[in-house]
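The primary structure of each chain is shown beneath.
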Amino acid sequence: MVCKYSTLPQVLLHHGLFPTAPSQPCMAVSTDLLAFYWALFKHLCDAIHTLAAALKTHYVHQGFQMINTAMSPD
């Protein structure tokens, strides 16, 4: 329930919107969209590892020698 003493950020959150500034927000983002981005972020690690493996394969086929963080060949 929103009362007449609620702040603008509280009213926005009550309606499913997250304010872009703590005071006097001029824009807001849907909390559903934020939840989607959070779910996307949770699975981002898998995509990064897949991309890294594909790049390694590509560069090895191009004749580059790949090294790890200890500066030794994989």
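Everything that follows concerns the structure shown earlier in this document.
Residues numbered from 1 in each chain as written. Predicted model: local features only at pLDDT ≥ 70, side-chain atom pairs only at ≥ 80, totals over all residues. Heavy atoms only, no water.

Engineer: Tell me what's going on with the overall build of the protein, and back it up with residues and numbers.
Structural biologist: Secondary structure assignment for the protein yields three helices and two strands. Each helix and strand of the protein, placed in order from N terminus to C terminus, yields the pattern α-β-β-α-α. Taken along its principal axes, the extent of the C-alpha atoms in the protein is 70 × 20 × 20 Å. Counting every position in the protein, which comprises 74 residues, the buried fraction comes to 5%. Within the protein, contacts between residues separated by at least 24 positions form 0% of all contacts whose residues are at least 6 apart in sequence. For the protein, the accessible area works out to roughly 6500 Å², and carbon and sulfur atoms hold 67% of it. (Helix = DSSP H or I, 4+ residues; strand = E, 2+ residues; numbered from the N terminus. Buried < 20%, exposed > 50% of the residue type's maximum accessible area, 1.4 Å probe, protein only. Contact = heavy atoms within 4.5 Å. Areas by Shrake-Rupley, 256 points an atom, 1.4 Å probe, with all protein chains shown as cover.)

Engineer: Could you give me a rundown of helix α3 (residues 44–61), with the residues and numbers involved?
Structural biologist: The end-to-end C-alpha distance of α3, which contains 18 residues, comes to 26 Å, matching closely the 26 Å that a straight helix rising 1.5 Å per residue would cover. Following α3 by one or two positions, G63 adopts a phi angle in the positive range, close to 100°. (Expected span 1.5 Å × (residues − 1).)

Engineer: An account of a nonpolar patch on the surface is needed here, citing residue identities and associated values.
Structural biologist: A grouping of L33, F36, Y37 and L40 is seen on the molecular surface, where their side chains present a nonpolar patch of about 420 Å² in accessible area. For F36, the position within the fold is in helix α2 (residues 31–42). (Patch = residues over 30% accessible without salt bridge, like charges linked within 9 Å, V, L, I, M, F, W, Y side chains within 5 Å. Salt bridge = Lys/Arg side-chain N within 4 Å of Asp/Glu carboxyl O.)

Engineer: Describe the packing of aromatic side chains, listing the residues and the values that go with them.
Structural biologist: Given two aromatic rings, their pairing is described by the distance between the two centres and the angle made by the two planes. Evaluation of the coordinates by the stated rule reveals two aromatic pairs. Measuring from ring centre to ring centre gives 5.9 Å for F36 and Y37, while their planes differ by 70°; the resulting arrangement is edge-to-face. The interplanar angle of 85° and the centroid separation of 5.7 Å between the aromatic rings of Y59 and F64 together place this pair among those described as edge-to-face. Since its relative accessible area comes to 36%, Y59 is described here as partly exposed. (Phe/Tyr/Trp six-rings, centres within 6.5 Å; stacked < 30°, edge-to-face > 60°.)

Engineer: Please set out the environment of A35 residue by residue, giving values where relevant.
Structural biologist: Within the secondary structure layout, A35 lies in helix α2. A35 sits 25 residues away from V60 along the chain, and the two C-alpha atoms are 38 Å apart.

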